[in-house]
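For reference, the chains in residue letters:
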Amino acid sequence: MLGKDLLGMYETSAEDIVTILDTAVGMKKLLTQNLKKLPHLQGRTVTTLFYENSTRTRCSFELAAKYLGAGTVNISASSSSVQKGETLIDTGYTLDAMKNDVIVIRHPMGGAPHLLAKHVKASVINGGDGMNEHPTQALLDFYTMREKFGSFHGLKVAILGDIKHSRVAKSNLFGLKKLGAEVVLYSPATLMPQGIERLGAKVARSKQETLSGANVVMGLRIQLERMQGGLFPSLSEYNQFYGVQESDLAYADKDCIVMHPGPVNRGVELTSDVIDAGNSKITEQVLNGVAVRMAVLFLLVKNRQGGEVRE
Amino acid sequence: MAEHILMDSAAIGRTLTRLSHEIVEKEKGTDKICLIGIKRRGEIVARRIQALIEKFYGKQVPCAGIDIGLYRDDLVSVFFVPDAQANELGFSVDGKNVVLCDDVLHTGRSVRAAIEAIFDLGRPAKISLLVLCDRGGKEMPISPDFVGKNVPTSAKEFIDVRLREIEGEDSLGITGKTEE
Amino acid sequence: MNKRILRGGTLVMPQGCKKGDVLIENGKIAAIGDAVAADGAEVIDVSGLHVFPGLIDMHVHLREPGFEYKEDIASGSAAAVRGGFTQICCMPNTDPVCDNAAVVGYIVSRAKEVGLCKVRPIGAITAGEEGQQLAEIGKMQKAGAVAISDDGKPVMNSRVMRLAMEYASDFNMLCLSHCEDKNLVDGGVVNEGYNSTLAGLKGISRAAEEIMVARDIILAETLGTRIHICHVSTKGAVQLIREAKARGVRVTAETCPHYFTLTDDAVVSFDANTKVNPPLREAEDVAAIKQGLKDGTLDCIVTDHAPHHADEKNVEYNLAAFGISGIETSFALSYTNLVKSGILTLSRLAEKMSGAPARILGLSGGELKEGGVADITVADLSKEYTIDSKDFLSKGKNTPFTGTKVFGKIQYTIVDGQVKFSDVIK
């Protein structure tokens, strides 16, 4: 059963993933029907501790916390303060002393949430750590896939983009392998991490091989600084060889869906006609993100008080 | 443990007829009345009353069911998410004399939740309470205004209301009563 | 008392082990043999124990001057003798950098005051370890430096390295090369491979180490000078050194206990005590390091003792300092993982941890022989115990080995005939 923290899909069992997705179904219903807020986190505090800029993840967590009645506190620390300011452990002690129940941390360095979780009483949710994991993004992706396909077995998920630096790809890979899906990755060789096949991924050698029969086509955001760092020559070359254009979707399953963790660089990872097409789930993913984060907050807080779910 | 039938189909019919007359009598006509039943059995009771009032007085009073899932007082203590529906009555309760309907009154917690749910929808002039059966065991300062049958029970006894819309028959039974 | 006798121990000699006594007089080994007469000598009963030539660690960081909060010469020396070391060579990455005779002289005199083990400073190759201008190698040698190194940093500029090797050869000063191509490291913190991907930590390619090993071998071969490769960690580096030796290149090399005991599986826990440079590698590298020790490609075992303050490790993995505090676990890890597993004999372990470093740097000691300096380490090889950093005398408690069970406990460390450490009271 889900423990004190949600640190990554690597640490989370298939059973717990399904529990989170099942709980999120009820949450999504509450969101779409504009029902009253739930009272489960009333009197509790959820702090978002972000060492990296993020609009959508932070906003999503904050809304999720508010729909459950929690008070929210947002702490923005610039990346540079990681090096100079208070240590992460000391920040954790401070937040604990203020009686936080949940800390959502985003950090540019892998393992930072794990370090924090070891030193605080509050539940820690990994909101993205360096190149390591982004578990709630993966959960909302799983939710979106399950909503469309009902099951993960036999599902082919094609992920295209900067795999090497992508915590989203990693969390998706860890979780999808546990859930029984096939994961095919495609990127320039300079952006493909070593040993990824030993983690269960299939590395494709062409766009056609990647997309062939895919049920899910997922693009990953490419950071401009990767180009500046010399990892690929130009955005237009990237789009031509590694981005998804409408004609590429002909290789995929005819019922395929298109996903992207956002924000999208239009015309780079995906072209506009792909983003705006009927099978694009990119906007739906955002809504599902709030539902899934409500479910995670709900389940972690439930664990904190040791209550049992009825029925 | 054998069940003892307290009301059969005919008895329930007679009681609902009486209650519909009582409502119109007490509210001095049908003008301001609206019926709100607590889902799901209370809504059926309300619909029956609505039909009877229309039959006797020729006026269809507004009637709707209300979902109290999100208003339960044990959401946090039991820590669960109710499978609730949005409440859309189709009419306004503002200034109305709401007759809140349910099948059995026991602790009064459902009624408390329903009152909270109604106030999220508007501000009625008055809320009164109709129940088919008052089995006692109140935990809230709530008393019914219109009662089908008073059945004082112990905590070990169970009241079972069957309605033809759900179970295919109308009856009210009690089990677990001490053998005489 | 200037006369002592170690009675009844097993003596670890180059040709093998033999029972015998060691008589120490005036800081020298006066006699070795059976039932040596020792009138008036203090008798130290070492029956059941093994007597090694005093261990020599030619690669440690004592942090003084400048970083005394991590370690200082006193605490580092105490840790060294607890670890069985009679002689240690300290790297120059202090503050100020040990790139001149004054700092070398300070370290020498401070170590004498402390008076535990012999401390031999290593001078910097370049001023400030900045990789540009040669340091005053001759003056540092006169003040007591035994070798030169920019350890902690590579000399990235090949021309500067070439000049250093040529110039130092005039003084018969050996360059100890920290092999790391900084451009390839590019901010990496762990070995690049399966585990760096699993943990999402930036990887360091083996190529970063191997390219520099190859460069330094080529320079030594071209110039005909000596070169010593520090802390070898990869299979490829072992192979490069093996091939160079076969060609007759004057290359020597060292490795550290963590490179033949741990793989990078340890980093997945994000425990910053596993963060070390070069990084922990994979199983095939560990196997290659062991093979290199066995076939003589790797001449010696050093600790690269790198003590840090707890605050420098209790942070995000990326921010944590590189290094392992290793001087108190080196002998036990080496004995347990190399001798007990049949890779090295006790004699060859003594060679790797004493004989070879002495020979490479031209130091006294390194062998039990009559007339030789009485630097002696006595160990109990029979008892298993658990490593616990809380027991460390070093200020640096940064070890990934807490909880590891090992054999080989140092009982006596004798320097110039004086007992500087004894575990026997416990």
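This structure is a prediction, so every number in the text was calculated from the model and none was measured.

Caption draft 1: The arrangement of the overall build of chain A in detail. Regarding its fold elements, chain A presents 12 helices and 9 strands. On C-alpha atoms alone, chain A measures out to a radius of gyration of 19 Å, which is about the 19 Å that the 2.2 N^0.38 rule sets for 311 residues. Over its C-alpha atoms, taken along the principal directions, chain A stretches across nearly 55 × 50 × 35 Å. Across the 311 residues that make up chain A, the buried fraction comes to 49%. Looking at chain A alone, contacts between residues at least 24 apart form 74% of all its contacts between residues at least 6 apart.

Caption draft 2: Quick peek at the overall build of chain B. Across its full length, chain B carries 4 helices and 8 strands. Sequence-ordered secondary structure for chain B, helices as α and strands as β, is β-α-β-α-β-α-β-α-β-β-β-β. Taken over the C-alpha trace, chain B has a radius of gyration of 16 Å; the compact-globule value for 180 residues is 16 Å, and the two agree within 12%. When the 180 residues of chain B are sorted by exposure, 36% land in the buried category.

Caption draft 3: Region of the structure containing the domain arrangement of chain A. Residues and elements named next belong to chain A. With domains assigned, chain A is organised as domain 1 (14-132 + 286-305) and domain 2 (135-281). The centre of domain 1, based on its C-alpha atoms, is set 25 Å off from the matching centre of domain 2. For the side of domain 1 that touches domain 2, the secondary structure elements donating two or more residues are helix 1 (14-32), strand 4 (123-129) and helix 12 (282-305). Grouping the amino acids of the side of domain 1 that touches domain 2 by side-chain chemistry returns 10 nonpolar, 7 polar and 3 charged.

Caption draft 4: Inspection of the interface of chain C and chain A at higher detail. Chain C puts 16 residues into the contact, and the matching count from chain A is 23 residues. Top contributing element to the side of chain C that touches chain A by residue count: helix 6 (residues 194-199) of chain C, with 4 residues. For the side of chain C that touches chain A, the per-class residue count stands at 8 nonpolar, 6 polar and 2 charged.

Caption draft 5: Helix 2 (residues 56-67) of chain A, seen in detail. All names here are of chain A. The end-to-end C-alpha separation of helix 2 is 16 Å, in line with the 16 Å expected for 12 residues at 1.5 Å each. Of all the residues in helix 2, the buried ones are Thr-57, Arg-58, Ser-60, Phe-61, Ala-64, Ala-65 and Tyr-67. Against the buried residues of helix 2 lie strand 1 (45-50), strand 2 (71-76), strand 3 (102-107), strand 4 and helix 12. Once helix 2 ends, the next one or two residues include Gly-69, with phi positive near 90 degrees.

Caption draft 6: Structural detail: the nonpolar core. Membership of the largest hydrophobic core comes to 119 residues, with the highest contact counts inside it found for Val-22, Val-51, Ala-147 and Ile-241 of chain C. The biggest single contributor to this core is helix 12 (residues 346-361) of chain C, with 7 residues. Listed in part, the 112 residues of the second largest apolar core include Ala-158, Ile-159 and Leu-176 of chain A together with Phe-80 of chain B.

Caption draft 7: The arrangement of unusual backbone geometry in detail. A cis amide bond, omega -15 degrees, links Gly-262 of chain A with the succeeding residue Pro-263 of chain A. The omega angle of the peptide bond from Glu-64 of chain C to Pro-65 of chain C is 5 degrees, so this bond is cis rather than trans. You can see Pro-65 of chain C is positioned in the loop between strand 6 (55-60) and helix 1 (73-82). Even without a glycine there, the phi angle at Arg-63 of chain C is positive, about 70 degrees. Checked against the element boundaries, Arg-63 of chain C lands in the loop between strand 6 and helix 1. The class of Arg-63 of chain C is buried, set by 27 C-beta atoms lying within 10 Å. Even without glycine at this site, Asn-172 of chain C takes up a positive phi of about 55 degrees. Looking at the element boundaries, Asn-172 of chain C is found in the loop between helix 4 (158-170) and strand 10 (175-177).

Caption draft 8: Inspection of the packing of helix 6 (residues 135-149) of chain A against helix 12 of chain A at higher detail. All names here are of chain A. Contact geometry for helix 6 and helix 12: axes closest at 8 Å, N-to-C directions at 115 degrees. The chirality of how helix 6 crosses helix 12 is right-handed. Within the contact between the two elements, helix 6 uses Thr-136, Leu-139, Leu-140, Asp-141, Tyr-143 and Thr-144 and helix 12 uses Glu-284, Gln-285, Asn-288, Gly-289, Ala-291, Val-292, Arg-293 and Val-296.

Caption draft 9: View of the environment of Val-286 of chain A. Within the element layout of this structure, Val-286 of chain A appears in helix 12. The sequence separation of Val-286 of chain A and Asn-172 of chain A amounts to 114 residues, and the corresponding C-alpha distance is 16 Å.

Caption draft 10: The arrangement of the chains, seen in detail. When the 2 pairs of chains in contact are ranked by number of contacts, first place goes to chains A and C. As for chain C relative to chain B, no contact occurs, and the smallest C-alpha gap between them is 33 Å.

Caption draft 11: Up close: the pairing of strand 2 (residues 16-25) of chain C. All names here are of chain C. Bridge count for strand 1 (residues 3-13) against strand 2 is 9 bridges, and the pairing is antiparallel. Bridging from a neighbouring strand, Lys-3 pairs with Glu-25 of strand 2. Two successive antiparallel strands, strand 1 and strand 2, enclose a turn made up of 2 residues. With 5 bridges joining them, strand 2 and strand 3 (residues 28-33) adopt antiparallel strand pairing. The residue of strand 3 that forms the bridge with Asp-21 is Gly-33.

Caption draft 12: The sheet that holds strand 8 (residues 171-175) of chain B, seen in detail. Residue and element names in this part refer to chain B. Read across the sheet, 3 strands follow the order 1-8-7 without closing on themselves; strand pairing throughout is antiparallel. For this open sheet the edge positions go to strand 1 (3-7) and strand 7 (158-162), each flanked by a neighbour on one side alone. Pairwise comparison of adjacent strand axes, ignoring direction, gives a mean angle of 30 degrees for this sheet. In terms of strand pairing, strand 7 meets strand 8 through 5 bridges, oriented antiparallel.

Caption draft 13: Region of the structure containing the sheet that holds strand 2 of chain A. All names here are of chain A. Spatially, the 4 strands line up as an open sheet ordered 2-1-3-4, and their pairing is parallel. Of all strands in the sheet, those with a lone pairing partner are strand 2 and strand 4, marking the two edges. Here the average twist between neighbouring strands, direction ignored, is 15 degrees. Note that strand 1 and strand 3 share 5 bridges and pair parallel. Bridging from a neighbouring strand, Leu-49 pairs with Ile-105 of strand 3.

Caption draft 14: How the structure looks around the packing of helix 6 of chain A against helix 7 (residues 167-179) of chain A. Residue and element names in this part refer to chain A. Put simply, helix 6 and helix 7 touch, their axes get as near as 8 Å, and they point 50 degrees apart. Overall, the two elements helix 6 and helix 7 adopt an arrangement that is oblique. Once helix 6 is placed against helix 7, the crossing between them reads as right-handed. Facing helix 6, whose interface residues are Pro-135, Gln-137, Ala-138, Asp-141 and Phe-142, helix 7 presents Val-168, Ser-171, Asn-172, Gly-175 and Leu-179. For the contact of helix 6 with helix 7, the class distribution of residues is 5 nonpolar, 4 polar and 1 charged.

Conventions we followed
- Residues numbered from 1 in each chain as written.
- Chains lettered and ligands numbered in written order.
- Predicted model: local features only at pLDDT ≥ 70, side-chain atom pairs only at ≥ 80, totals over all residues.
- Helix = DSSP H or I, 4+ residues; strand = E, 2+ residues; numbered from the N terminus.
- Rg over C-alpha atoms; globule rule 2.2 N^0.38 Å.
- Buried ≥ 20, exposed ≤ 12 C-beta atoms within 10 Å, placed from the backbone.
- Contact = placed C-beta atoms within 7 Å.
- Domains from an automatic or database assignment.
- Nonpolar A, V, L, I, M, F, W, Y, C, P; charged D, E, K, R; others polar.
- Expected span 1.5 Å × (residues − 1).
- Core = buried A, V, L, I, M, F, W, Y, C linked by C-beta atoms within 7 Å.
- Axes fitted to C-alpha atoms, helices over the stretch in contact; angles between N-to-C directions.
- Left-handed = near helix turned anticlockwise from the far one by under 90°.
- Pairing = 2+ DSSP bridges.
- Parallel < 35°, antiparallel > 145°, perpendicular 65-115°, else oblique.

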